Amino acid sequence: MSGGPYSVSPVGILHSCFKEKFAIPRQPQLAPAASGVLELLPPFNQGEAVQGLEQVSHVWLLFLFHQTLEEKPRLKVRPPRLGGNQSIGVFASRATHRPNGIGQSVVKLDKVEPGRLWVSGIDLLDGTPILDIKPYVSYADSIPGAYNAIASLAPELIPVTWAAGVLQQAQEQAQRLGEPLVELIEQCLAQDPRPAYQVPQPDRRYGTRFWDVDVRWHYPVAGEIVVLEVLPG
Ligand code: SAM
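Residues numbered from 1 in each chain as written. Predicted model: local features only at pLDDT ≥ 70, side-chain atom pairs only at ≥ 80, totals over all residues. Heavy atoms only, no water.

Asker: Could you give an account of the pairing of strand S1 (residues 12-16), with specific residues and numbers?
Answerer: Every second residue of S1 is oriented toward a common face, the buried set being Gly12, Leu14 and Ser16 and the non-buried set Ile13 and His15. Where S1 meets strand S2 (residues 35-40), five bridges bridge the pair, whose relative direction is antiparallel. Following the sheet pairing, Leu14 is matched in S2 by Leu38. Note: S1 against strand S8 (residues 128-135), three bridges, orientation antiparallel. Across the sheet, Ile13 pairs through a bridge with Pro129, a residue of S8. (Buried < 20%, exposed > 50% of the residue type's maximum accessible area, 1.4 Å probe, protein only. Helix = DSSP H or I, 4+ residues; strand = E, 2+ residues; numbered from the N terminus. Pairing = 2+ DSSP bridges.)

Structure (structure tokens):
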């Protein structure tokens, strides 16, 4: 028996709506409007590789956290969910800093074509290398009575409102892109992307990029977001 090392190669690259890490939901399914196209690489870009997948509603994506790969393995991590100041064992967490940098997300499969899969409900950055794709199997992957006391509920949502004229900016960009941009912004910002340990600062402005659009917002009142700008970058 050998302890490796082994090497793996991506089967595809995800072209995602998320161009920056900031404001990507912490798990899949939290923003159903978040979508992307998985471009399969040779030899998996041929029709045979996806034959039968049109009978499947969701798939597991195994991928590389390519933007946070580290040389030195960590034994403990500080998940943002615990406020960033409490550490737990790396295997008790789904944090991005982990041995081999491997992530897993279950996502909705919207459309299948030879060489391309349309997916939504994603939590992955643009350019993420995909290592494998597997169909979701409800009888095995959904476990009645399963629990995780560290992350028992989805993050609490906060209200998101729009400064004057900004909803219209978002609607115009949504129309240009042909994507549900208004829903994407509302679903992602409602998760409150700030790290939990950050002290609220009403004057501070935050921003990220969805598709080719720069989105800016602030927190005029604690626990409430106002979107300030939605402009093509
Ligand atoms: N669902 C996956 C899992 O459990 O393995 C990912 C969970 S991880 C907490 C989700 C975060 O990973 C996102 O909020 C985003 O900031 C980050 N992320 C997504 N794609 C990434 C990538 N390619 N490289 C580094 N970080 C990434």
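Asker: So what's going on with the side chain of Ser120? Residues and values would help.
Answerer: By secondary structure assignment, the location of Ser120 is in strand S7 (residues 116-120). The buried category is assigned to Ser120, whose relative accessible area is 9%. Setting aside anything within four residues of it in sequence, one finds Ser120 in contact with Pro32, Ala34, Ser35, Val107, Lys108 and Asp110. (Contact = heavy atoms within 4.5 Å.)

Asker: Talk me through the site of the ligand; I want residue IDs and the actual numbers.
Answerer: Taken together, the neighbourhood of the ligand is formed by 21 residues, with Gln27, His66, Arg94, Asp123 and Thr128 sitting nearest. Between an oxygen atom of the ligand and a main-chain N or O atom of Ile24, the distance comes to 3.1 Å. Here an oxygen atom of the ligand and a backbone polar atom of Pro25 are 2.9 Å apart. Expressed as a share of its isolated accessible area of 600 Å², the protein-covered part of the ligand is 91%. Looking at the shell around the ligand, the elements with two or more residues in it are strand S3 (58-64) and strand S6 (102-113). (Near = heavy atom within 4 Å. Polar contact = N/O pair within 3.5 Å; in protein donor to acceptor, adjacent residues only side chain to side chain. Areas by Shrake-Rupley, 256 points an atom, 1.4 Å probe, with all protein chains shown as cover.)

Asker: An account of the state of the cysteines is needed here, citing residue identities and associated values.
Answerer: Under the definition given, this model contains zero disulfides. Cys17 supplies the cysteine sulfur nearest to Cys188, a cysteine that is in no disulfide, at a spacing of 6.6 Å. (Disulfide = S-S within 2.5 Å.)

Asker: Tell me about the pairing of strand S11 (residues 213-221), residues and numbers included.
Answerer: Summarising the sheet, strand S10 (residues 205-210) and S11 pair through six bridges and their orientation is antiparallel. Each residue of the ladder has a partner; that of Thr208, found in S11, is Val215. If you look at the hairpin formed by S10 and S11, you'll find two residues sitting between the two strands, and Trp211 has a positive phi there, around 50°. Note that S11 and strand S12 (residues 224-232) share seven bridges and pair antiparallel. Looking at S12, one finds that Val221 is bridged to Glu224. Linking S11 to S12, which pair antiparallel, is a turn of two residues; within it Gly223 sits at a positive phi near 75°.

The values reported here are purely geometric and, on their own, carry no functional implication.
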